[in-house]
Amino acid sequence: MERLIQMLGILAVLYAAYALSLKKWNYQTETQRNARRVFLKTKGLSNTFYFIHAGALFLLNVFSGGLFTFYWIYRQWQAIGQGFRRLDGHSLKHCPLVRSLGGFATFFSLNAIICRTCEYMHHKSPLPAWVWGTLWLAGLAGSIWVSSWPERIVCYVFFCAAPAALQHRLNALPKEPISPQPKPAEIIAAAIALAAALGILAAGRIWF
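Residues numbered from 1 in each chain as written. Predicted model: local features only at pLDDT ≥ 70, side-chain atom pairs only at ≥ 80, totals over all residues. Heavy atoms only, no water.

## Side note on the side chain of Thr106
What counts, and what does not: Every helix listed is a DSSP run of H or I at least four residues long, and every strand listed is a run of E at least two residues long, numbered separately from the N terminus. As used in this structure description, the phrase polar contact means that two N or O atoms lie within 3.5 Å; if the pair is within protein, one of them must be able to donate a hydrogen and the other to accept it, and residues adjacent in sequence are counted only when both atoms belong to side chains. For this analysis, residues touch if any pair of their heavy atoms sits within 4.5 Å.
Mapped onto the elements of the fold, Thr106 is located in helix H6 (residues 103-120). A distance of 3.4 Å separates polar atoms of two side chains, one belonging to Thr106 and the other to Trp77. Sequence-distant contacts of Thr106, that is, excluding residues within four places in its chain, are made with Ile73, Trp77 and Arg99.

As structure tokens, then:
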């Protein structure tokens, strides 16, 4: 319980940092708004993303040991690679497969592109990349190393929920509603991810 209270305290600190910084930025003049648009385009935006119902993404993550996230990361980078644009004309480095294999690092840059695109399209942005990225990695670490089961479950929920929270904001971009029914390819990917998670768990018990 003490660790759970500490985790909630860390969440409160993260949100306070966000509320006192980025959330309070307000561009009221046309010059400020134009400068912000140029900044967003300089950093890079995308006009294509991978869309899946946020609830379906969360459940597929839960039932796959959280490893379905890496399939989601791959599909996002695959889509972004086709629609990424920035002012200097440079494209993204590395292919979607490499970026998904390095998902623990590229999760942050993926979050940043989603945030910038949502802001540019005048939609509510997700929390900054460092917030969701920290919660995602901390959730993974806690679900592995925390000894108390209630706290471990809370950590696992954060690990599975962070990608779904990003997807929830992203799904506001298209005009058409996103079907809550997972696609066959997504179900197959979740089953493969579950098998991989069980294999990792079995190997961990054998070797450690």
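## Re the environment of Gly81
What counts, and what does not: Throughout, exposure labels follow a simple rule: accessible area from a 1.4 Å probe, protein chains only, divided by the maximum for the residue type, with under 20% read as buried, over 50% as exposed, and the rest as partly exposed.
Along the polypeptide, Gly81 turns up in helix H4 (residues 68-83). With relative accessibility at 53%, the residue Gly81 sits in the exposed group.

## Section: the pattern of salt bridges
Which entries qualify depends on this criterion: By definition, a salt bridge exists where a carboxyl oxygen of Asp or Glu is found within 4 Å of a side-chain nitrogen of Lys or Arg.
For the structure shown, the criterion picks out 3 salt bridges. Of the charged contacts in the structure, one is a salt bridge between Arg36 and Glu119, with a shortest N-O distance of 2.8 Å. Note that Arg36 is positioned in helix H2 (residues 30-43) and Glu119 in helix H6, a separation of 83 residues in sequence. Classification of Arg36 as partly exposed rests on a relative accessible area of 21%. As a salt-bridge pair, Arg86 and Asp88 come within 3.6 Å of each other at their nearest N and O atoms.

## Examining the packing of aromatic side chains
Basically, it comes down to this: Pairing of aromatic rings covers Phe, Tyr and Trp, the last counted by its six-membered ring, and requires centre-to-centre distances within 6.5 Å; plane angles under 30 degrees mean stacked, over 60 mean edge-to-face, and any other angle means tilted. For a lysine, the NZ atom is tested; for an arginine, the CZ atom; a charge sits over a ring if that atom is within 6 Å of the ring centre and within 35 degrees of the ring normal.
As enumerated under the stated definition, the model contains 7 aromatic pairs in all. Arranged with centres 6.0 Å apart and planes meeting at 50°, the rings of Phe70 and Trp136 form a pair that is tilted. Taken together, the residues span a long stretch of sequence, with Phe70 in helix H4 and Trp136 in helix H7 (residues 129-145) at a distance of 66 residues. By relative accessible area, Phe70 is classed as buried at 19%. Of the residues examined, Trp136 reaches a relative accessible area of 0% and is grouped as buried. Of the aromatic side chains, those joined through ring pairs into one cluster are Phe70, Trp72, Phe104, Phe107, Trp136 and Phe159. Stacked on the ring of Trp77, the Lys or Arg Arg99 has its end atom at 4.3 Å from the ring centre. Directly above the ring of Trp149 sits Arg152, whose terminal nitrogen or CZ lies 4.7 Å from the centroid.

## Some details on the confidence of the model for the protein chain
In plain terms, the rule: Every residue gets a pLDDT, meaning the predictor's confidence in that residue, from 0 to 100.
Overall, the predicted model of the protein chain reaches an average pLDDT of 87, with 86% of residues at or above 70. Across the protein chain, the secondary-structure element scoring lowest on mean pLDDT is helix H1 (residues 2-20), at 56, and the one scoring highest is helix H3 (residues 54-62), at 97.

## Quick word on the side chain of Glu186
By secondary structure assignment, the location of Glu186 is in helix H9 (residues 184-207). Under the relative-accessibility criterion, Glu186 is labelled buried at 1%.

## Some remarks on the nonpolar core
Inclusion rule: Side-chain atoms within 4.5 Å link the members of a nonpolar core, which is a set of buried Ala, Val, Leu, Ile, Met, Phe, Trp, Tyr and Cys residues.
Ile52, Phe68, Trp72, Ile73 and Phe107 are the most contacted members of the largest nonpolar core, which has 33 residues in total. Elements with a minimum of two residues in this core: H3, H4, H6, H7, helix H8 (149-170) and H9. At 8 residues, H4 tops the list of elements feeding residues into this core. Filtering out sequence-adjacent residues up to four positions away, Phe107 remains in contact with Trp72, Ile73, Trp132, Gly133, Trp136, Ala162, Pro163 and Leu166.

## Regarding the packing of H6 against H8
Just so we agree on the cut-off: The axes are straight lines fitted to the C-alpha atoms, using for helices just the contacting stretch, and the angles between their N-to-C directions are given from 0 to 180°. For classification purposes, an angle smaller than 35 degrees is called roughly parallel, one larger than 145 roughly antiparallel, one from 65 to 115 roughly perpendicular, and anything else oblique. For a crossing to be left-handed, the near helix must be turned anticlockwise from the far one by less than a right angle; the clockwise case is right-handed. Gly is placed with the polar residues, together with every amino acid not listed as nonpolar (Ala, Val, Leu, Ile, Met, Phe, Trp, Tyr, Cys and Pro) or charged (Asp, Glu, Lys and Arg).
Taken N-terminus to C-terminus, the directions of H6 and H8 make an angle of 20°; their axes are 10 Å apart at the nearest point. Relative to H8, the element H6 lies roughly parallel. Where H6 crosses over H8, the two elements pack in a sense that is left-handed. Every residue of H8 that contacts H6 at Phe107, Asn111, Ile114 and Cys118 is listed here: Ala162, Pro163, Leu166, Arg169 and Leu170. Of the residues assigned to the contact of H6 with H8, the class counts are 7 nonpolar, 1 polar and 1 charged.

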